[in-house]
Amino acid sequence: MLKRTLTAILLIPPVVYLIGWSPKWLFLLAVVLGVALALREYFALSRAMDVKVLSWMGYGAAAVLCGAQALPRNINHSAVIFLLVAFLLLIPTLAIRRSMDLKDYLAATSATIFGILYIGLSLSCLVPIRFATKSFGGDAMVGGQMSHLPALSAGSLLLLLMFMVIWAGDICAYLVGRPLGRTPFFARISPRKTWEGALAGFAGSLLAAWAFQHWFWNSADLKTVLFLAAWTAVMGQVGDLVESAIKRGANQKDSGTLLPGHGGFLDRIDSLIFAAPALWLALFVLGCFS
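Residues numbered from 1 in each chain as written. Predicted model: local features only at pLDDT ≥ 70, side-chain atom pairs only at ≥ 80, totals over all residues. Heavy atoms only, no water.

Peer 1: Explain the overall build of the chain to me, using residue names and the numbers behind them.
Peer 2: For the chain, the count of helices and strands is 10 helices and 2 strands. The linear arrangement of helices and strands in the chain, starting from the amino end, is α-α-α-α-α-α-β-β-α-α-α-α. Long-range contacts, defined here as pairs at least 24 residues apart, represent 71% of the contacts in the chain between residues at least 6 apart. Of the roughly 14600 Å² that the chain leaves accessible, carbon and sulfur atoms contribute 70%. (Helix = DSSP H or I, 4+ residues; strand = E, 2+ residues; numbered from the N terminus. Contact = heavy atoms within 4.5 Å. Areas by Shrake-Rupley, 256 points an atom, 1.4 Å probe, with all protein chains shown as cover.)

Below you can see the structure in the form of structure tokens.
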């Protein structure tokens with residue numbers, strides 16, 4: 001528990017800086033680095049299941065997707081769609097080579113493409129959200145009562161909201177589910193997760209969203225903030241289950257050992273992998289990228 005807490009304390013300040021005030025190139029670099037670390041652990045889990053992967057194709061394609069998301073708003077959507085179609089054609093084509101055993105061909109190409117979509121495409125959604133200039137809460141706002149802080153853009157506030165929702169959900173689920181959890185929640189995938197913990201995590205996410213709107217973003221509509229919080233909280237829990245299913249299939253407790261007390265990097269961002277594209281989708285429907 002001590003290692004887990006100390007790791008979180010050390011990670012929160014740089015993450016908040018990246019979300020709130022970092023220049024575009026640094027934020028993009030951080031996302032690409034995060035994608036690479038997560039893919040590295042995902043590929044290791046795939047190999048633990050005796051699935052060969054085309055790792056260099058996965059790293060390259062995921063990095064290119066992140067870069068495409070940083071293009072001007074009027075062309076990035078078209079660029080991402082073009083690249084996804086190109087990768088679907090290119091990867092199976094490049095995989096046809098003499099060194100590839102044809103018995104591994106389908107599994108290798110499928111696992112590689114899934115990794116690009118599951119990690120690369122999902123985390124690349126952080127980029128357009130971070131640099132969104134339009135939202136339901138206004139084009140740009142300062143940090144509410146925290147007036148001594150530099151101004152925050154609409155995109156920064158959206159990402160901070162998402163991270164607050166995920167962090168609060170994880171903490172509440174852990175604090176309630178560990179001592180009080182009795183009813184299994186998808187025991188086949190994760191025996192230690194319970195309905196009590198899941199519901200506590202959901203409630204904690206909504207409470208964090210309310211507090212964030214009340215103290216830091218009171219120009220935003222509370223109903224919309226709570227809707228986004230509920231949507232991202234649910235999808236974050238789904239992301240946690242998906243990563244647990246992958247680990248269980250590989251017969252691994254953790255995805256790695258990078259973060260003391262937390263396991264691997266993929267263990268720490270499993271909720272984010274589903275929450276980020278879910279938030280992007282909701283903002284797209286709300287017209288924030290139009």
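That was the structure; now back to the text.
Peer 1: Outline the nonpolar core, supporting the account with residue identities and numerical values.
Peer 2: By size, the foremost hydrophobic cluster in this structure holds 55 residues, and its most contacted members are Ile 119, Leu 126, Met 162 and Leu 272. For this core, the secondary-structure elements that each account for two or more residues are helix 2 (24–48), helix 3 (55–69), helix 5 (102–124), helix 6 (126–130), helix 7 (154–180), helix 8 (195–216), helix 9 (222–249) and helix 10 (265–285). In terms of residue count, the dominant contributor to this core is helix 10 (11 residues). Among all residues touching Leu 272, those that are not within four sequence positions of it are Leu 123, Leu 126, Met 162, Phe 163, Ile 166 and Pro 277. (Core = buried A, V, L, I, M, F, W, Y, C linked by side-chain atoms within 4.5 Å. Buried < 20%, exposed > 50% of the residue type's maximum accessible area, 1.4 Å probe, protein only.)

Peer 1: Please set out helix 10 residue by residue, giving values where relevant.
Peer 2: An ideal rise of 1.5 Å per residue puts 30 Å on 21 residues; helix 10 measures up with 30 Å between its terminal C-alpha atoms. A bend of about 35° at Ser 271 is the largest found in helix 10. In terms of burial, helix 10 is largely enclosed, as 15 of its 21 residues are buried. Of the residues flanking the end of helix 10, it is Gly 287, one or two places downstream, whose phi is positive at about 85°. (Expected span 1.5 Å × (residues − 1). Bend = angle between axes of the 7 residues up to and from the residue.)

Peer 1: Hey, could you go over the packing of helix 7 against helix 9 for me, with residue numbers and the actual values?
Peer 2: One way to put it is that helix 7 packs onto helix 9 with a least axis distance of 10 Å and a crossing angle of 50°. It follows that helix 7 is oblique to helix 9 by the angle criterion. The two elements helix 7 and helix 9 meet at a crossing, and its hand is right-handed. Taken together, the residues of helix 9 that come into contact with helix 7 (itself represented by Leu 158, Leu 161 and Val 165) are Val 225, Leu 228, Ala 229, Thr 232 and Ala 233. Of the residues in the contact of helix 7 with helix 9, the class split is 7 nonpolar, 1 polar and no charged. (Axes fitted to C-alpha atoms, helices over the stretch in contact; angles between N-to-C directions. Parallel < 35°, antiparallel > 145°, perpendicular 65-115°, else oblique. Left-handed = near helix turned anticlockwise from the far one by under 90°. Nonpolar A, V, L, I, M, F, W, Y, C, P; charged D, E, K, R; others polar.)

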